[in-house]
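Understanding the architecture of this molecule
Here is what each chain is made of, one letter per residue.
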Amino acid sequence: MLVGGVELGGTKIRVGRGTPDGRIGESETFATEGPDKSFARIVGYFRRGSPIAAIGIGAFGPVAIGRDDPDYGRLRGTPKPGWRDFDIGAAMAVLGVPLLLDTDVNVAGRAEAALGALRGADCGVYLTVGTGIGGALILNGRPAPGASHPEMGHVALVRAPADDFPSVCPYHRDCAEGLASGPAIRRRFGASLDLLPADHPGHALIAGYLGQLLAGIVSIAAPRRIVLGGGVAKAAGLHARVREVLARSLNGYAIYPEVEAPGFVVPPALGDDTGLAGALLIAGEETGRSETRVG
Ligand SMILES: [Zn+2]
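What you see is a predicted model; the values in this text were computed from it and never measured. (Residues numbered from 1 in each chain as written. Predicted model: local features only at pLDDT ≥ 70, side-chain atom pairs only at ≥ 80, totals over all residues. Heavy atoms only, no water.)

Observations concerning the overall build of the chain
Per the secondary structure count, the chain includes 9 helices and 10 strands. Taken over C-alpha atoms, the radius of gyration comes to 19 Å for the chain, in line with the 19 Å a tight globule of 295 residues would show. Summarising its shape, the C-alpha atoms of the chain cover approximately 60 × 40 × 35 Å along the three principal directions. Looking at the chain as a whole, 48% of its 295 residues qualify as buried. Of the contacts formed within the chain by residues at least 6 apart in sequence, a portion of 63% connects residues at least 24 apart. Working note: accessible area of the chain is about 13400 Å², and carbon and sulfur atoms make up 54% of it. (Helix = DSSP H or I, 4+ residues; strand = E, 2+ residues; numbered from the N terminus. Rg over C-alpha atoms; globule rule 2.2 N^0.38 Å. Buried < 20%, exposed > 50% of the residue type's maximum accessible area, 1.4 Å probe, protein only. Contact = heavy atoms within 4.5 Å. Areas by Shrake-Rupley, 256 points an atom, 1.4 Å probe, with all protein chains shown as cover.)

Given below as structure tokens:
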């Protein structure tokens, strides 16, 4: 049996088919356009080729993810132009298969918990730094329940001295996403972090903000490990710089053995497959459920 997966990102979309345990068989990637065009391509992909039993989607948020929420599958107040209130469930209904939806980071966190760096952790965090900043709190393999999904990227940070950069977040002056996401970095420096010279002060500034964010997460959730992924996190040396700032920010307090281990802040073990593998996994859970019901 095959299931489908969609990784709906702010910059690109990856669609694919694979097995319910998260193994990717085939996939395609294309640039994110407006919602109508993007979903026409997604639906077109699944209409071609082998049939699938269910589709899982990891979507950027904010998005309604409670299955008993009448708005399930609808994007909420996203700052992305044209996407506000877009109904993903309605756009995919034409395919006639069950649709499972969660945030991109919850889905990626599940994949890392099932197959990657968070395996065996009773409490772990998956944080992505790219077009936006988002985090998932994963407890025993599943995203922590709650009234909505966490918005870790919108925690307010203390600005570096003399940093008067206008936040790119339309909601907050000093949040992590507004100060240190991919779009903030490009507006600050005219280039992405990985393209700046090794001695550019931008590396320390961005690592400073991300380390501060991680210190907050450690103080609140005490995770065993933090997976730091996304396009910005691919810049050489970033993980090491963030670990240094994290240690400095905690200043000896709230330290437990895992925090001091070199493997506390790591890249995703599944690399670029994390999001799509997680989308297949949530679709796979649904097929498992329906098989149980039928049996
Ligand atoms: Zn914000």
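Having seen it, we continue.
Brief notes about the domain arrangement of the chain
How big an interface is tends to be stated in terms of the accessible area lost upon association of its parts. For the chain, the assigned domains are domain 1 (3-106 + 271-294) and domain 2 (120-266). Centre-to-centre, using C-alpha coordinates, domain 1 lies 26 Å away from domain 2. Contacts between the two partners involve 15 residues from domain 1 and, on the opposite side, 14 residues from domain 2. Counting across the interface, domain 1 meets domain 2 through 2 salt bridges. Here Glu285 ties to Arg142 by a salt bridge, and the two come within 3.2 Å at their closest N and O atoms. Sorting the residues of the side of domain 1 that touches domain 2 by element identifies strand 5 (99-103), helix 3 (104-115) and helix 9 (274-294) as the ones contributing at least two each. Residues that form the side of domain 1 that touches domain 2 fall into these classes: 5 nonpolar, 6 polar and 4 charged. (Domains from an automatic or database assignment. Salt bridge = Lys/Arg side-chain N within 4 Å of Asp/Glu carboxyl O. Nonpolar A, V, L, I, M, F, W, Y, C, P; charged D, E, K, R; others polar.)

Concerning the pairing of strand 1 (residues 3-8)
Within strand 1, 5 of the 6 residues are buried, which leaves it mostly tucked inside the rest of the structure. Here strand 1 pairs with strand 2 (residues 12-18) via 6 bridges, running antiparallel. Residue Val3 lies in a different strand from strand 2, and its bridge partner there is Gly18. (Pairing = 2+ DSSP bridges.)

Here's the deal with the sheet that holds strand 10 (residues 265-266)
The strand order across the open sheet formed by 5 strands is 8-7-6-9-10, and the pairing between neighbours is mixed. Looking along the sheet, the strands with just one partner apiece sit at the ends: strand 8 (142-143) and strand 10. Examined bridge by bridge, strand 7 (residues 133-139) and strand 8 share 2 bridges and lie antiparallel to one another. Opposite Leu139, over in strand 8, you have Arg142 as the bridge partner. The strands touched by helix 6 (residues 201-221) are strand 6 (123-129), strand 7, strand 9 (225-229) and strand 10; relative to strand 6, the strand with the most contacts, the crossing angle is about 155°. (Axes fitted to C-alpha atoms, helices over the stretch in contact; angles between N-to-C directions.)

Observations concerning the nonpolar core
Grouped together as the largest cluster of nonpolar side chains are 37 residues, with contacts concentrated most on Leu127, Ile133, Leu193, Leu210, Val218, Leu246 and Phe264. Listing elements by their share of this core, those giving two or more residues are strand 6, helix 4 (176-180), helix 5 (182-189), helix 6, strand 9 and helix 7 (238-250). If you tally residues by element for this core, the top one is helix 6, at 9 residues. Among all residues touching Leu127, those that are not within four sequence positions of it are Ile133, Gly134, Gly135, Met152, Leu213, Leu214, Ile217, Val227, Leu228 and Gly229. Of all hydrophobic cores here, the second largest spans 33 residues; its members include Trp83, Leu95, Val107 and Ala283. (Core = buried A, V, L, I, M, F, W, Y, C linked by side-chain atoms within 4.5 Å.)

Some details on the side chain of Glu177
You can see Glu177 is positioned in helix 4. A polar contact of 3.3 Å, which involves the side chain of Glu177, links it to the side chain of His154. Setting aside residues no more than four positions away along its own chain, Glu177 makes contact with Gly132, Ile133, Gly153, His154, Val168 and Ala184. (Polar contact = N/O pair within 3.5 Å; in protein donor to acceptor, adjacent residues only side chain to side chain.)

Concerning the coordination of the zinc ion
Surrounding the zinc ion are the protein donor atoms His154 (ND1), Cys169 (SG), His172 (ND1) and Cys175 (SG), at 2.1 to 2.4 Å. If you look at the zinc ion, its 4 donor atoms make angles of 102 to 117° with each other, and the shape they trace is tetrahedral. The sequence motif formed by the donor residues of the zinc ion is H-x14-C-x2-H-x2-C. (Donors = N, O, S within 2.8 Å, 3.2 Å for Na, K, Ca; no water. Tetrahedral: all angles 85-135°; square planar, octahedral: opposite > 155°, others 65-115°.)

Comments concerning the pattern of salt bridges
Two side chains with opposite charge may pair up if their charged atoms get near one another. Counting across every chain of the model gives 18 salt bridges. With its nearest N and O atoms 3.5 Å apart, the salt bridge here joins Arg173 to Asp174. The shortest N-O distance in the salt bridge between Glu258 and Arg224 comes to 2.8 Å. Of this pair, Glu258 sits in helix 8 (residues 257-260) while Arg224 sits in the loop between helix 6 and strand 9, and the two are 34 residues apart along the sequence. Residue Arg224 is classed as partly exposed on the basis of its relative accessible area of 40%. One continuous salt-bridge network, built from bridges that share partners, spans Asp102, Arg110, Arg142 and Glu285.

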